[in-house]
Amino acid sequence: MGGCMSKNNTVNTSVVLKSFKGTGADENGGALKPNDSDAVAVGGNGTESKVTMEEEELEETVCKVDDLKDGEMREVEVAGGKVLLIKELDEFSAIGHKCSHYGAPLIKGVLSNGRVRCPWHGACFNTKTGDIEDFPGVDSIPCFKVRIEDGNVKVRTKKKQLQSHKRIKKMSVRSVENKETFVIIGGGAAGLVCAETLRQEGFLGRIVVATKEKYLPYDRPKLSKAMDGPADSIQLRKEDFFQVYDIEVKLGHEVVSIDTGVNSVRFQDGDSLTYEKLLIATGGRPRTLDIPGSDLKNICSLRNPDDANYIAQLGIGKNVVIVGSSFIGMEVASFFSGKAASITVIGRGSVPYAATLGEQVGSAIQKIAEEKGVAFNMNSGVKEYKGQEGILSSVVLSDNEEIPADLCVLGIGVNPATDFLQESGLKRSETNNVVVDRFLCTSNPNVYAAGDIAQFPLRVLNDVSVTIGHWQIAHYHGRVAALNMCGNEVETETVPFFWTAVFGKNIRFAGYNHGFDDVIISGSLEELKFIAYYARGDNIVAVATLNSDPAASKFAEFLASGNRLRKSEITSQEPESWQSRL
């Protein structure tokens with residue numbers, strides 16, 4: 001069973017401290033540090049000999065039973081803090097009122113099938129436990145006791161539960177008696193969530209996360225949105241977290257090969273490590289242009305915090321050229337708006353996002369960008385870089401137009417970082433992605449793959465095999481992989497969800513629209529308030545929204561609930577009537 005045990009067998013001590021109880025996380029992703037004054041001594045009869053102000057339970061009446069309709073949520077105040085009260089199937093529950101990802105108000109989210117989905121980025125939380133069930137984000141949220149007395153709804157809590165909207169689930173630590181080793185290659189979202197889930201599931205063996213990065217796992221989407229932020233400001237977990245829960249993170253350790261015959265990984269420095277189970281989650285490698293002048297300085301890809309900081313500093317007051325007009329390229333353009341002397345975006349399509357969001361949405365976003373001073377050269381490409389004294393000075397387009405450039409940022413996609421698997425014997429696709437089944441298991445039963453490199457069956461696409469480079473997918477894959485490494489049989493069932501933030505506008509996207517043949521707009525592109533429906537044949541397969549929250553989250557929950565939406569329903573007089581079917 002992969003060395004996992006029941007969650008009820010997690011390690012406990014006779015003196016319970018906040019950092020080991022799994023009841024909280026600090027706002028920066030660290031384990032809550034023990035404080036002697038917060039300890040609760042437990043006597044031999046199990047009674048507490050000391051209760052602090054933080055531990056004392058407080059109870060308040062928040063409403064009458066009949067005040068809430070079935071399927072309704074309400075923010076209520078308890079002990080000076082806010083709690084989300086939920087009535088579903090005539091039962092009450094209470095959880096934290098903010099999403100643990102970026103703090104979105106869950107009252108504006110979607111309640112369905114025993115969980116609340118965040119209105120901004122689609123993370124899901126169990127209404128009974130507060131546990132995170134879909135992503136992004138690494139933390140759960142608080143859960144509060146509810147009881148009914150004389151027709152009154154009473155919520156009981158402790159003050160410390162209201163101090164943070166984040167909660168770390170109870171986790172085990174390593175036991176010296178367990179000799180198993182689970183290795184995770186890759187220090188991104190999939191690797192981190194996998195490691196945490198293993199401990200949450202009671203795995204007592206050794207966990208090793210090996211990454212060629214020099215930083216602990218960080219919030220990668222922020223690289224192109226807040227490029228000038230220091231690396232430690234976007235860390236998902238602080239160093240003490242990994243120490244508390246016995247998760248070894250080997251920074252600067254690039255894996256160069258794996259031997260599935262003897263269950264071994266070999267590192268670039270010559271060291272090797274054997275495993276019982278292995279997860280490969282190495283992500284992508286930015287594509288570059290093999291053209292004249294590509295060795296000039298200040299031609300940059302964006303992959304890590306150092307890249308982001310270098311680009312952010314170099315581009316201030318300079319001529320910035322961005323190759324690529326999709327998500328990374330447009331977010332970089334947005335960052336430099338008002339900061340660079342000039343910004344030019346070069347794209348292969350007719351408008352930005354043409355291949356992903358369609359020409360109508362792309363044209364609307366291009367107009368916003370142009371109003372902010374961004375110039376576009378579309379239906380074009382770069383054929384040469386020119387420079388002086390080894391430093392970039394201009395780029396030459398395919399039509400021979402030359403554009404001044406002090407900095408060129410490449411945002412032209414990624415290739416799977418799987419070259420080290422050439423001799424592994426693992427099945428890979430024509431594009432070098434690792435082929436996995438519904439459980440994220442590869443062609444070797446001891447090896448799993450997750451995130452950008454995994455080609456997996458997508459449930460909402462009738463199990464057609466796909467690769468999806470979304471932050472949310474990476475989180476979800478990490479969890480599913482860990483559960484199955486522990487001997488479970490949990491299938492991949494999530495609905496893809498992503499978002500982008502450009503020029504002060506937030507676009508949400510839910511579903512999978514590869515190969516879409518029509519886009520139906522409900523709302524107004526001119527007023528930048530719309531839902532874009534992507535059709536493949538008569539099926540609506542995805543939506544993109546702007547200023548229409550929580551429509552994208554509703555659509556994600558709609559698909560997750562097994563519903564399907566027809567194009568004919570959207571072209572009717574009531575295009576949003578499907579939302580009532582949730």
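Here goes a summary of the coordinates provided. (Residues numbered from 1 in each chain as written. Predicted model: local features only at pLDDT ≥ 70, side-chain atom pairs only at ≥ 80, totals over all residues. Heavy atoms only, no water.)

The subject of this paragraph is the pattern of salt bridges. Within the structure shown, the criterion is met by 29 salt bridges. Its salt-bridge partner being D463, residue R459 comes within 3.9 Å of it at the nearest N-O pair. Classification of D463 by relative accessible area gives partly exposed; the value is 35%. The closest approach of N and O atoms between D518 and K567, which form a salt bridge, is 2.8 Å. With D518 in strand 36 (residues 518-524) and K567 in helix 9 (residues 567-570), the pair connects residues that are 49 residues apart, well separated along the chain. On the basis of relative accessible area, D518 is assigned to the partly exposed category, the value being 26%. What emerges from the salt-bridge pattern is a single network uniting E57, E59, K145, R147, E149, K154 and R156. (Salt bridge = Lys/Arg side-chain N within 4 Å of Asp/Glu carboxyl O. Buried < 20%, exposed > 50% of the residue type's maximum accessible area, 1.4 Å probe, protein only. Helix = DSSP H or I, 4+ residues; strand = E, 2+ residues; numbered from the N terminus.)

With that out of the way, let us pick up the sheet that holds strand 21 (residues 299-301). In spatial order, the strands read 21-28-22-23-24; together these five strands make up an open sheet with parallel pairing. The sheet is open, and its two edges are formed by strand 21 and strand 24 (374-377), each paired on a single side. Within the sheet, the average angular offset between the axes of one strand and its neighbour, ignoring direction, is 25 degrees. Bridge count between strand 21 and strand 28 (residues 407-410): three bridges; the pairing is parallel. Of the residues in strand 28, the one forming a bridge with C300 is V409. (Pairing = 2+ DSSP bridges. Axes fitted to C-alpha atoms, helices over the stretch in contact; angles between N-to-C directions.)

Let's shift gears to unusual backbone geometry. Negative phi is the rule for most residues except glycine; trans is the rule for most peptide bonds. Along the chain, F135 connects to P136 via a cis peptide bond; the corresponding omega equals 25 degrees. Assignment of secondary structure puts P136 in the loop between strand 10 (132-134) and strand 11 (143-149). Cis peptide bonds are those with omega within 30 degrees of zero, and the linkage from D549 to P550 qualifies with 0 degrees. Here P550 is to be found in the loop between strand 38 (539-546) and helix 8 (551-560). For N462, which is not a glycine, the phi torsion comes out positive at approximately 55 degrees.

The next point concerns the sheet that holds strand 33 (residues 464-466). Taken in spatial order, the three strands of this open sheet run 30-32-33, and their pairing is mixed. Two strands in the sheet have a free side with no partner beyond their single neighbour: strand 30 (434-435) and strand 33. Note: strand 30 against strand 32 (residues 454-458), two bridges, orientation parallel. Within strand 32, the position partnered with V434 by the bridge is A454.

Sheet topology places strand 25 (residues 382-388) next to strand 26 (residues 391-397); six bridges connect them, and they run antiparallel. When the bridges of strand 26 are listed, G387 appears paired with L392.

Going through the model one piece at a time under the given rule, you end up with twelve aromatic pairs. Where F327 meets Y353, the ring centres are 5.2 Å apart and the plane angle is 50 degrees; that geometry is what we call tilted. Here the residue F327 occupies a position in helix 5 (residues 327-336), and Y353 occupies one in the loop between strand 23 (342-346) and helix 6 (358-371), the gap between them amounting to 26 residues. A single burial state applies to F327 and to Y353, both of which are buried. Note on F555 and F558: the rings are 6.4 Å apart at their centroids and 20 degrees apart in plane angle, and the pair reads as stacked. Here F558 and F555 lie together in helix 8, a separation of three residues that amounts to about one turn. Like F555, the residue F558 is buried in the burial classification. (Phe/Tyr/Trp six-rings, centres within 6.5 Å; stacked < 30°, edge-to-face > 60°.)

Functional significance is not addressed by these values, which are geometric in nature.
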